[in-house]
Amino acid sequence: MELSKVMHTRRSVREYINKPVEQEKLREVISAAQLAPSWKNSQVSRYYVVTGEEKLAEVKNALSPYNQKNMADAPALIVTAIVLNRSGYEKDGTPTNELGNGWGFYDCGLQSMNLLLKATELGLSTLVMGIRDNEKIKKILGIPETEAVVSVIGVGYSNAEPAMPKRKEIDDIAKFF
Ligand SMILES: Cc1cc2nc3c(=O)[nH]c(=O)nc-3n(C[C@H](O)[C@H](O)[C@H](O)COP(=O)(O)O)c2cc1C
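Anyway, here's the lowdown on the structure attached to this text. (Residues numbered from 1 in each chain as written. Predicted model: local features only at pLDDT ≥ 70, side-chain atom pairs only at ≥ 80, totals over all residues. Heavy atoms only, no water.)

### Structural notes on the overall build of the protein
Thinking step 1. Secondary structure summary: the protein contains seven helices and four strands in total.
Thinking step 2. In the protein, the order of α-helices and β-strands from amino to carboxyl end is α-α-β-α-α-β-α-β-α-β-α.
Thinking step 3. Radius of gyration (C-alpha) of the protein: 17 Å, near the 16 Å computed for a compact globule of 177 residues.
Thinking step 4. Across the 177 residues that make up the protein, the buried fraction comes to 42%.
Thinking step 5. Here the contacts in the protein between residues at least 6 apart in sequence split such that 78% fall between residues at least 24 apart. (Helix = DSSP H or I, 4+ residues; strand = E, 2+ residues; numbered from the N terminus. Rg over C-alpha atoms; globule rule 2.2 N^0.38 Å. Buried < 20%, exposed > 50% of the residue type's maximum accessible area, 1.4 Å probe, protein only. Contact = heavy atoms within 4.5 Å.)

Structural data, given as structure tokens:
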């Protein structure tokens, strides 16, 4: 699918059909994520892919009530995380500038976008969720203290056709000099 078509087609989907996502496709979306640029190629983004019935229920339970409803039939969740204190940092452990770990989160966002677009190309739908209990998720998945949980991305086959929420005008968000 042409890139601009993929970008226009991708939507946040909050209703899924009860059908598993092929393991191969889950690997493909992470592989696409990994093509994104990162600070000094530090590649600090990490993915915890949850499809097993028991863990899936536990991670869903760590989402906000609204997101639990959104994910009711979602067959896969990808928890994104970053390794802290590397991207945006010097070798001696000092932050290179005022954003510190902000750069690791930036890298993770770039990778996530690749993931979402690849998923769209493969006929999958997604929902990025920021409203989640990170401590619960860390415990459930054994995520070390050296990492920060970022988002939980629901992945599956859509059971809805949401319209695109309105975008701001270019002149409201950009200044040209
Ligand atoms: C960082 C981030 C966090 C988000 N968190 C949630 C969330 O917790 N629950 C939810 O339903 N949607 C969440 N969304 C989805 C946005 O509401 C959605 O992307 C936005 O309304 C634009 O719609 P679109 O993705 O279909 O273009 C999140 C999106 C991003 C990028």
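### Quick look at the site of the ligand
Thinking step 1. Neighbouring residues of the ligand: 14 residues in total, closest Arg11, Ser12, Arg14, Asn67 and Arg167.
Thinking step 2. Arg11 is positioned with one of its side-chain polar atoms (N or O) 2.7 Å from an oxygen atom of the ligand.
Thinking step 3. Contact between the ligand and Gly130: a nitrogen atom at 3.0 Å from a main-chain N or O atom of the residue.
Thinking step 4. For the ligand, whose accessible area on its own is 620 Å², the fraction buried by protein is 63%.
Thinking step 5. Counting only elements with at least two residues in the shell around the ligand, the list comes to α4 (65–70) and β3 (125–129).
Thinking step 6. Residues belonging to the shell around the ligand are distributed by class as follows: six nonpolar, four polar and four charged. (Near = heavy atom within 4 Å. Polar contact = N/O pair within 3.5 Å; in protein donor to acceptor, adjacent residues only side chain to side chain. Areas by Shrake-Rupley, 256 points an atom, 1.4 Å probe, with all protein chains shown as cover. Nonpolar A, V, L, I, M, F, W, Y, C, P; charged D, E, K, R; others polar.)

### Regarding the pattern of salt bridges
Thinking step 1. On inspection of all chains with the given rule, the structure shows four salt bridges.
Thinking step 2. A salt bridge links Lys25 to Glu22; its shortest N-O distance comes to 4.0 Å.
Thinking step 3. The class for Glu22 is partly exposed, based on a relative accessible area of 35%.
Thinking step 4. With a shortest N-O distance of 3.9 Å, Lys40 and Glu90 are connected by a salt bridge. Of this pair, Lys40 sits in the loop between α2 (23–33) and β1 (45–50) while Glu90 sits in the loop between β2 (76–83) and α5 (102–121), placing them 50 residues apart in sequence. (Salt bridge = Lys/Arg side-chain N within 4 Å of Asp/Glu carboxyl O.)

### Regarding the sheet that holds β2
Thinking step 1. Judged by pairing direction, the sheet is antiparallel, and its four strands sit side by side in the order β1-β2-β4-β3 without closing on themselves. Edge positions in the sheet fall to β1 and β3, since each has one partner strand and no second. The sheet shows a mean angle of 25° between the axes of neighbouring strands, taken without regard to direction.
Thinking step 2. On the sheet, α5 packs against β1, β2, β3 and β4 (147–156) and is oriented at approximately 155° with respect to β2.
Thinking step 3. Lying over the sheet, helix α6 (residues 134–141) contacts β1, β2 and β4, oriented at roughly 80° with respect to β4. (Pairing = 2+ DSSP bridges. Axes fitted to C-alpha atoms, helices over the stretch in contact; angles between N-to-C directions.)

### What to know about the environment of Met7
Thinking step 1. Within the secondary structure layout, Met7 lies in helix α1 (residues 3–9).
Thinking step 2. The exposure class assigned to Met7 is partly exposed, which follows from its relative accessible area of 44%.
Thinking step 3. Sequence separation between Met7 and Ile131 is 124 residues, and the spatial gap between their C-alpha atoms is 24 Å.

### A word on the nonpolar core
Thinking step 1. Within the largest apolar cluster, 21 residues are counted, with the highest numbers of intra-cluster contacts made by Val59, Met71, Leu77, Val79, Ile137 and Leu141.
Thinking step 2. At the level of elements, β1, α3 (53–61), β2, β3, α6 and β4 are the ones that each hand at least two residues to this core.
Thinking step 3. Membership of the second largest hydrophobic core comes to 15 residues, among which are Val29, Ala119, Ile153 and Val155. (Core = buried A, V, L, I, M, F, W, Y, C linked by side-chain atoms within 4.5 Å.)

### Points about the packing of α3 against α6
Thinking step 1. Two numbers describe how α3 lies on α6: the axes approach to 9 Å, and their chain directions differ by 165°. In terms of orientation, α3 lies roughly antiparallel with respect to α6. Helix-helix and strand crossings are classified by hand; for α3 and α6 the assignment is right-handed. Residues Lys55, Glu58, Val59 and Asn61 of α3 pack against Lys136, Ile137, Ile140 and Leu141 of α6.
Thinking step 2. Of the residues in the contact of α3 with α6, the class split is four nonpolar, one polar and three charged. (Parallel < 35°, antiparallel > 145°, perpendicular 65-115°, else oblique. Left-handed = near helix turned anticlockwise from the far one by under 90°.)

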